[in-house]
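# Architecture at a glance
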There are 4 protein chains.
Amino acid sequence: MGSFRGHALPGTFFFITGLWWSTKSILKYLCKKQKRTCYVGSKVLFHRIEILEGIVLFGMALTGMAGEQFIPGGPHLTLYDYKLGQWNQLLRWQHFTMYFFFALLGVAEILSFTISSLPVSLPKLMLANALFVEAFIFYNHTHGREMLDIFVHQLLVLVIFLTGLVAFLEFLTWNNVLLELLRSSLILLQGIWFWQIGFVLYPPSGGPAWDLMDHDNILFLAMCFCWHYALTFVIIGANYGFVTWLVKFRFKRFCPSEVGLLKNAEREQESEEEM
Amino acid sequence: MGSFRGHALPGTFFFITGLWWSTKSILKYLCKKQKRTCYVGSKVLFHRIEILEGIVLFGMALTGMAGEQFIPGGPHLTLYDYKLGQWNQLLRWQHFTMYFFFALLGVAEILSFTISSLPVSLPKLMLANALFVEAFIFYNHTHGREMLDIFVHQLLVLVIFLTGLVAFLEFLTWNNVLLELLRSSLILLQGIWFWQIGFVLYPPSGGPAWDLMDHDNILFLAMCFCWHYALTFVIIGANYGFVTWLVKFRFKRFCPSEVGLLKNAEREQESEEEM
Amino acid sequence: MGSFRGHALPGTFFFITGLWWSTKSILKYLCKKQKRTCYVGSKVLFHRIEILEGIVLFGMALTGMAGEQFIPGGPHLTLYDYKLGQWNQLLRWQHFTMYFFFALLGVAEILSFTISSLPVSLPKLMLANALFVEAFIFYNHTHGREMLDIFVHQLLVLVIFLTGLVAFLEFLTWNNVLLELLRSSLILLQGIWFWQIGFVLYPPSGGPAWDLMDHDNILFLAMCFCWHYALTFVIIGANYGFVTWLVKFRFKRFCPSEVGLLKNAEREQESEEEM
Amino acid sequence: MGSFRGHALPGTFFFITGLWWSTKSILKYLCKKQKRTCYVGSKVLFHRIEILEGIVLFGMALTGMAGEQFIPGGPHLTLYDYKLGQWNQLLRWQHFTMYFFFALLGVAEILSFTISSLPVSLPKLMLANALFVEAFIFYNHTHGREMLDIFVHQLLVLVIFLTGLVAFLEFLTWNNVLLELLRSSLILLQGIWFWQIGFVLYPPSGGPAWDLMDHDNILFLAMCFCWHYALTFVIIGANYGFVTWLVKFRFKRFCPSEVGLLKNAEREQESEEEM
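Residues numbered from 1 in each chain as written. Chains lettered and ligands numbered in written order. Predicted model: local features only at pLDDT ≥ 70, side-chain atom pairs only at ≥ 80, totals over all residues. Heavy atoms only, no water.

Each helix and strand in chain A was counted, giving eight helices and two strands. Mapped in sequence order, the helices and strands of chain A form the string α-α-β-β-α-α-α-α-α-α. Counting every position in chain A, which comprises 275 residues, the buried fraction comes to 55%. Sequence-distant contacts in chain A: of pairs separated by 6 or more residues, those separated by 24 or more amount to 73%. Carbon and sulfur atoms make up 68% of the accessible area of chain A, which amounts to about 12,400 Å² in all. (Helix = DSSP H or I, 4+ residues; strand = E, 2+ residues; numbered from the N terminus. Buried < 20%, exposed > 50% of the residue type's maximum accessible area, 1.4 Å probe, protein only. Contact = heavy atoms within 4.5 Å. Areas by Shrake-Rupley, 256 points an atom, 1.4 Å probe, with all protein chains shown as cover.)

All right, on to the relation of the copies chain A and chain D then. Between chain A and chain D, which share one sequence, the superposing operator has a rotation angle of 90 degrees and an axial displacement of 0.0 Å; the RMSD is 0.0 Å. Look at the turn and shift together and you get a four-fold axis relating the two. Nearest to the rotation axis, the C-alpha of A:Thr173 is located 7.4 Å from it, this being the minimum over chain A. (Least-squares fit on C-alpha atoms with pLDDT ≥ 70 in both.)

This part takes up the environment of B:Val159. All names here are of chain B. Along the polypeptide, Val 159 turns up in helix H5 (residues 147–172). Along the chain, Val 159 and Gln 190 lie 31 residues apart, while their C-alpha atoms are 6.5 Å from each other. In contact with Val 159, other than residues within four places in its own chain, are Leu 186, Leu 189, Gln 190 and Phe 225.

Attention shifts here to the UniProt feature "transmembrane region" (unreviewed entry) in chain A. Residues and elements named next belong to chain A. Feature annotation in UniProt assigns "transmembrane region" (unreviewed entry) to the following positions: residues 12–30, 51–71, 96–115, 122–139, 151–174, 186–205 and 217–243. The annotated region residues 12–30 carries 100% helix and 0% strand content, and the separation between its end C-alpha atoms amounts to 27 Å. Structurally, residues 122–139 is divided into 100% helix and 0% strand, and its ends, taken at the C-alpha atoms, are 26 Å apart. (UniProt positions renumbered as here; feature names shortened; annotations may be inferred.)

Turning our eyes to something else, we now look at the interface of chain A and chain D. Listed as interface residues are 35 residues of chain A and, on the opposing side, 34 residues of chain D. Around 3,300 Å² of area is buried between chain A and chain D when both sides are counted, 72% of it from carbon and sulfur atoms. Contact with chain D buries area across many residues of chain A, yet A:Trp87, A:Ser117 and A:Phe136 alone supply 18% of it, more than any other trio. Remark: the boundary between chain A and chain D carries zero salt bridges. For the interface between chain A and chain D, the tally reads five residue pairs in polar contact (both at pLDDT 80 or more). Elements that contribute at least two residues to the side of chain A that touches chain D include exactly helix H1 (4–33), helix H2 (42–70), helix H3 (90–114), helix H4 (122–139) and helix H5 (147–172) of chain A. Looking at which element gives the most residues to the side of chain A that touches chain D, the answer is H3(A), with eight residues. When its residues are assigned to classes, the side of chain A that touches chain D shows 22 nonpolar, 10 polar and three charged. (Buried area = accessible area lost by both parts, 1.4 Å probe. Salt bridge = Lys/Arg side-chain N within 4 Å of Asp/Glu carboxyl O. Polar contact = N/O pair within 3.5 Å; in protein donor to acceptor, adjacent residues only side chain to side chain. Nonpolar A, V, L, I, M, F, W, Y, C, P; charged D, E, K, R; others polar.)

Attention now goes to the packing of helix H6 (residues 177–201) of chain B against helix H5 (residues 147–172) of chain C. Following both chains from N to C, one finds H6(B) and H5(C) inclined at 130 degrees, their axes separated by 10 Å at the closest point. Here H6(B) is positioned oblique relative to H5(C), judged by the angle of their axes. Along the contact surface, H6(B) presents B:Leu178, B:Leu179 and B:Leu182, while H5(C) presents C:Phe168, C:Phe171 and C:Leu172. Looking at the contact of H6(B) with H5(C) residue by residue, the class counts come to six nonpolar, no polar and no charged. (Axes fitted to C-alpha atoms, helices over the stretch in contact; angles between N-to-C directions. Parallel < 35°, antiparallel > 145°, perpendicular 65-115°, else oblique.)

Next up on the list: the interface of chain B and chain A. Often, the extent of an interface is quoted as the loss of accessible area upon association of its parts. Across the contact, 35 residues belong to chain B and 33 residues belong to chain A. Here chain B packs against chain A, burying approximately 3,300 Å² in sum over the two surfaces, 73% of which is carbon and sulfur. Sorting the residues of chain B by area buried against chain A places B:Trp87, B:Ser117 and B:Phe136 first, and these three jointly supply 19% of that buried surface. Applying the counting criterion to the chain B and chain A interface returns zero salt bridges. Elements represented by at least two residues in the side of chain B that touches chain A include exactly helix H1 (4–33), helix H2 (42–70), helix H3 (90–114), helix H4 (122–139) and H5 of chain B. With eight residues, the single largest contributor to the side of chain B that touches chain A is H3(B). Residues that form the side of chain B that touches chain A fall into these classes: 22 nonpolar, 10 polar and three charged.

The subject of this paragraph is the environment of A:Leu148. With respect to the secondary-structure elements, A:Leu148 resides in helix H5. It is 4.9 Å that separates the C-alpha atoms of A:Leu148 and A:Leu212, two residues lying 64 residues apart in sequence.

In this section: the packing of aromatic side chains. The full count for this structure, using the stated rule, is 92 aromatic pairs over all chains. With a centroid separation of 6.1 Å and 5 degrees between ring planes, the pair formed by A:Phe14 and A:Phe194 is classed as stacked. In this pair, A:Phe14 is assigned in helix H1 and A:Phe194 in helix H6 (residues 177–201), connecting sequence segments 180 residues apart. Neither residue differs from the other here; A:Phe14 and A:Phe194 are each classed as buried. The lysine or arginine in question, D:Arg183, covers the ring of D:Trp21, its NZ or CZ lying 5.0 Å from the ring centre. (Phe/Tyr/Trp six-rings, centres within 6.5 Å; stacked < 30°, edge-to-face > 60°. Lys NZ or Arg CZ within 6 Å of the ring centre and 35° of its normal.)

We now examine the pattern of salt bridges. Residues and elements named next belong to chain A. Per the counting criterion, the structure on display carries 28 salt bridges over all chains. Two residues, Glu 170 and Lys 124, come together in a salt bridge whose shortest N-O distance is 2.7 Å. Taken together, the positions of Glu 170 in helix H5 and Lys 124 in helix H4 put the pair 46 residues apart, joining distant regions of the chain. The burial state of Glu 170 is the same as that of Lys 124; both residues are buried. Among the charged side chains, a network of salt bridges with common partners joins Lys 24, Lys 28, Glu 50 and Glu 53.

The next subject is the side chain of A:Ser185. Residue and element names in this part refer to chain A. The residue Ser 185 is located in helix H6 in this model. Ser 185 sits in the buried class, given a relative accessible area of 1%. With residues up to four places along the chain from it excluded, the contact list for Ser 185 reads Tyr 229, Thr 232, Phe 233 and Ile 236.

Residues and elements named next belong to chain A. Of the residues in chain A, 88% have a pLDDT of 70 or more, and the chain-wide mean is 85. Segment residues 256–275: pLDDT under 50, and 28 contacts once partners within four positions in sequence are set aside and those in other chains are kept. Among the prediction metrics, the complex's ipTM stands at 0.87, with pTM recorded as 0.90. (pLDDT = per-residue confidence, 0-100.)

The phi torsion at C:Gln89 lies on the positive side, around 50 degrees, for a residue other than glycine. Looking at the element boundaries, C:Gln89 is found in the loop between strand S2 (86–87) and helix H3 (90–114). Even without being a glycine, D:Leu77 presents a positive backbone phi close to 65 degrees. Relative to the helices and strands, D:Leu77 resides in the loop between helix H2 (42–70) and strand S1 (80–81).

A few words on the environment of A:Ser112. Tracing the backbone shows A:Ser112 in helix H3. Here the alpha-carbon distance between A:Ser112 and A:Asp81, two residues 31 residues apart in the chain, equals 40 Å.

Residue and element names in this part refer to chain A. Together, Leu 158, Phe 161, Leu 162 and Leu 165 give the surface a local cluster of nonpolar side chains, amounting to about 310 Å² of exposed area. Examined against the element boundaries, Leu 162 turns out to sit in helix H5. Owing to a relative accessible area of 35%, Leu 162 belongs among the partly exposed residues under this scheme. (Patch = residues over 30% accessible without salt bridge, like charges linked within 9 Å, V, L, I, M, F, W, Y side chains within 5 Å.)

With that out of the way, let us pick up the packing of helix H4 (residues 122–139) of chain C against helix H6 (residues 177–201) of chain C. Residue and element names in this part refer to chain C. Interaxial distance between H4 and H6 falls to 14 Å at its minimum, and their mutual angle equals 30 degrees. One element, H4, and the other, H6, form an angle in the roughly parallel class. As for the relative orientation of H4 and H6, their crossing is left-handed in sense. Side by side, H4 and H6 meet where Lys 124, Leu 127, Leu 131, Glu 134 and Phe 138 of the first sit next to Glu 180, Arg 183, Gln 190 and Phe 194 of the second. Residues that form the contact of H4 with H6 fall into these classes: four nonpolar, one polar and four charged. (Left-handed = near helix turned anticlockwise from the far one by under 90°.)

Okay, here's the thing in structure tokens:
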């Protein structure tokens, strides 16, 4: 993974995941709001989407696990090198472990939406688990590196840990759309931050790397981290606008008349309760 | 910002904000208590107030952002000084970033009270975000300073982080007036503490600064922090009394007769539930 | 306070407070359980008790504040000694500050049970505040002392902070008798621990003090802390048994017949819900 | 305890406990799901099981306490060795203290399911207490050891502390089957980790111990910890499948006809609420 590509790949993966999860949450939220007026079997659809998501996740995690093991120069499932008397490529095994927990998440998603006796909040718990394990491994990952290298990985651990906390909160308090969007935004941030780490440690332009001992770089990156966070809000806001427009357009064709009126009435009532 | 005025300005801003938020919370709470007897359309009013608050906040944050960039000697939107080969005035850029998140909060407040499909608890989340980002940036702010300078900024980080936690709790548990007042009191404390930092590091009297290496000063300031906290409770208590008196006076003119009686009955019932 | 008596006094105070709070919580819990059968105006009684408690607390805190200031050799309200150019007896001022927050708690208790427009959970919040402030001040209290001295005060900070957390949880989740008893047991532990600190640092027998640099003493005191904690559970258990016996005896005289039967029925129903 | 057996024994104990608790939680969950169709007095049964569990736990903890004191070379209830002027075998006393809190848990379980006036969530609180105390003692346990020895015990403290947190969450939010299973999985992990510590520090093969100063061993053990965690999920998943199969088989004999149909209907309704 010690390369620009090695950081860009998971970055892209998390970015797409975050984008997809935010879209899903917004869709669910809007559908539930307009449920009473015209309910077009969206529940069954969402169940199927969850199962599909589980399969895709499982497939990707499996690919990742196989990739880490069998690329040229990989450990090929050998954990201990008896000739050299030392552990064999622990970094790759660590990545393998992280992928394994995301594979578990995929399995949990598939099972909890196909087997009816399983509680449906299982995937949330497994997601929190996968993220906590990821944070734990990254935390034990940076021994003996340079100051800036450690700092950018600490920020990575911070964002992963916070995502895990939010996922755990979601598991405890069911169905809060803003918590789901917060989780999506943190996943997006993780994706972008992987890219940023790639740019800092392995500049793709081929130019010289950043000065790893300059404290000003730490100040800048801490600030940059916040800018990326603000960017995720802008992305999710734009996504919200786009999905709302899409849902409105689609709904107008199916049940054109009283949607607007009813929605306002409902809104009124809700804000009454919330006030 | 390295001056007395640079600390007094945000201090005054946060003090006024805290005072205003406490007033708003108390007003809302009292109006809800007397809702059943004579409900004078206060809901619409409160929505308008929130939108106005968002606009003011957005305007002030924008002013702050512009000010940090374009005052004489400011960075003028230049992030990297290629001539000197170093980052350009990172401290000002950090302040700029903080203001940016408060501008986001203003936008969220305006949007969530004008667009009906947005969840109304969005501003609480954005407030928690803005405060966490502020705490994060201040945490990475004091590298290489003197002991006492670091200590007063650590206390600042503590109070900002706690305010963020309380705002997040508010986001999770809707409509607890005491949590809102706790948040207001912490915002007030932040405002007062900015003033205190100004007095410690840049005495406006022109006299010599405090001895930054004397441990007794740390002991005193830790205690002083608590006194300021107690002061915020006194301020909010006085505000509570004043607003209660105002509301009673105003209500008496509109619906003079049965308020007192009904209020007592309601109170009885509530304490029954709470007991 | 640097004496055995200076630690035994607050220890006794907290021990009595813990005992009293546990008694109150148990009484409330048992009365609520038997409410349906014969409800002898216990609510008004409890309100009066709370107000009385507030007055006693306020009085004691005021005495403590006056004592810290005006005992022979006290600071007599002088904060800064201009002759010596240093702060005047900061330790005493710190104790003064802690007492002040408990006085605020007393005022909050009196006000929230006399003025009907105030939320009744205010005292819980003020208790959490008082405890957090106490923990904060003790945390900044042990600079430059010996290892064991620091350790016993760290444990004190730990127990105070945990009590504050439990009080804050109580404020958020209303009416959980076990949380109230947990808080009482932690208050008891604080009281006992003050005594233990007195015995360790200022042995009343007049013998030599403990070896402050021996690491085995730390191991022992950590374990001793747990034993004291277990002791508080035994005390509260005994108190529970005693109060239950008292309430049963008292209730038998007033409404002798159907208490037992109804209680069982209620219990059945409750455990049904809980199962 | 400084031996392989000394770590394998508690490891086995916690492993069996975790297995048993997961089985109990799954059984309860499935019984509640099928309650409406044929309710075969499972409540009384569960109460009896809890009491039995309390008795077994109490007995085992008592055995452990006696064992720590009276094995050859044990402290035989002597706390301070006046001849040598030092504490007498503090490590054994620490283990004794941990067992004592688990004995308290056993007592709480017995009492709260026999005496009807006690709240039924008491055992949860006592479990959290016992775990926090265990974590606290292990935290003060590793002074002056080697790097790897400290690291494996830190991970032990981590898992015990997290288990305590989950137990406390269970105490606050009643009846969440996934939280119960999470707690079981963490207890299982603790059991397996005790075994792992035994293998690392006292290899039973008689071969040389691991290199306690090699940082690669830390990296490997951090990863190994995650694998064990994954293993506990597999164990609980298999257990879930087994118990489900058992319950279905047993229920079919008693009330063969409409179980399946009703279950689906119920499921449908539930997911409706959850969606």
